[in-house]
Amino acid sequence: MKGLFCAALVAICFCSCNQKPTRHRLSEKEIVSRQDSLKGDLLKTDLAFSQLSEDKGRNTAFIEYADSSATMLREFSMPTTGKDAIAKLLGQYPDSGAKLTWIPISSDVARSGELGYTYGTYTIESKNMDHFGGTYCTVWRRSKAHGWKFILSTGNEGVSAQNDTDLSGL
């Protein structure tokens with residue numbers, strides 16, 4: 001009898017160890033609500049990124065918000081990949097004579113909540129030249145430990161937040 005009892009106990013323990021934990025599946029409404037919340041968080045992050053650029057300079061802001069594997073795309077240049085490489089690149093261009101700010105127009109976030117993007121317009125104000133600007137797009141990755149960090153940053157000269165946008169030719 002003891003042998004049967006021990007065998008049953010071992011079988012119960014073995015079976016309970018092999019069960020996969022049940023995961024709560026979010027309803028479509030919960031997913032949409034979570035995405036909307038994350039979109040708002042991402043817009044706030046992008047605005048805080050711009051504010052840091054205005055307060056402490058472009059270089060400080062880009063290094064602070066870059067993911068360790070971030071890539072920057074710049075005109076007439078190969079992509080610069082890695083936070084250290086971005087810091088080295090930015091270090092070649094002091095930002096004390098110009099102020100870079102931007103205004104996000106929109107954001108979107110993947111259903112998983114791990115990736116998102118923002119886009120909008122930027123303006124550069126310089127002591128030595130006229131103001132100019134353009135459009136930008138930033139791709140972001142979210143982690144529980146570090147929040148939103150950009151993984152891809154790119155932009156192009158053209159329209160700015162201070163100019164009217166005429167898209168009639170598109």
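This is a predicted model, so every value here is computed, not measured. (Residues numbered from 1 in each chain as written. Predicted model: local features only at pLDDT ≥ 70, side-chain atom pairs only at ≥ 80, totals over all residues. Heavy atoms only, no water.)

A. Region of the structure containing helix H4 (residues 83–91). All of the buried residues in H4 are Ile86, Leu89 and Leu90. Axial view of H4: buried residues confined to an arc of 95°, hence all on one face. Turned more than 90 degrees off the buried face of H4, the exposed positions are Asp84, Lys88 and Gly91. (Buried < 20%, exposed > 50% of the residue type's maximum accessible area, 1.4 Å probe, protein only. Helix = DSSP H or I, 4+ residues; strand = E, 2+ residues; numbered from the N terminus. Arc of directions from axis to C-beta.)

B. Quick peek at the pattern of salt bridges. If you walk through the whole model with that rule in mind, you get five salt bridges. In this structure, the salt-bridge partner of arginine 111 is glutamate 28, at a minimum N-O distance of 3.1 Å. Taken as a pair, arginine 111 in the loop between strand S3 (98–109) and strand S4 (115–126) and glutamate 28 in helix H2 (residues 28–56) lie far apart in primary sequence, 83 residues in all. A salt bridge links aspartate 67 to arginine 141, with the nearest nitrogen and oxygen atoms 3.2 Å apart. (Salt bridge = Lys/Arg side-chain N within 4 Å of Asp/Glu carboxyl O.)

C. Representation of the pairing of strand S5 (residues 132–143) in the model. Across 10 bridges, the pairing between S4 and S5 is antiparallel. What sits directly across from tyrosine 117, in S5, is valine 139. Remark: five residues form the turn of the hairpin made by S4 and S5, two consecutive strands paired antiparallel. Looking at chain direction, S5 and strand S6 (residues 147–157) are connected through 10 bridges and run antiparallel. For tryptophan 140, the partnering residue across the bridge sits in S6 and is phenylalanine 150. The turn linking S5 back onto S6 is made up of three residues. (Pairing = 2+ DSSP bridges.)

D. Local environment of the nonpolar core. Judged by nonpolar contacts, the single largest core of 20 residues is most densely connected at Phe49, Phe62, Trp102, Trp140 and Phe150. Those elements giving two or more residues to this core turn out to be H2, helix H3 (58–65), strand S1 (66–73), H4, S3, S5 and S6. If you tally residues by element for this core, the top one is H2, at four residues. Excluding its chain neighbours within four sequence positions, the residues that come into contact with phenylalanine 49 are Ala61, Phe62, Tyr65, Trp102, Trp140 and Phe150. (Core = buried A, V, L, I, M, F, W, Y, C linked by side-chain atoms within 4.5 Å. Contact = heavy atoms within 4.5 Å.)

E. Summary view of the packing of H2 against H3. One way to put it is that H2 packs onto H3 with a least axis distance of 6 Å and a crossing angle of 145°. Side by side, H2 and H3 meet where Thr45, Ala48, Phe49, Leu52, Ser53 and Lys56 of the first sit next to Arg58, Thr60, Ala61, Phe62, Glu64 and Tyr65 of the second. When its residues are assigned to classes, the contact of H2 with H3 shows six nonpolar, three polar and three charged. (Axes fitted to C-alpha atoms, helices over the stretch in contact; angles between N-to-C directions. Nonpolar A, V, L, I, M, F, W, Y, C, P; charged D, E, K, R; others polar.)

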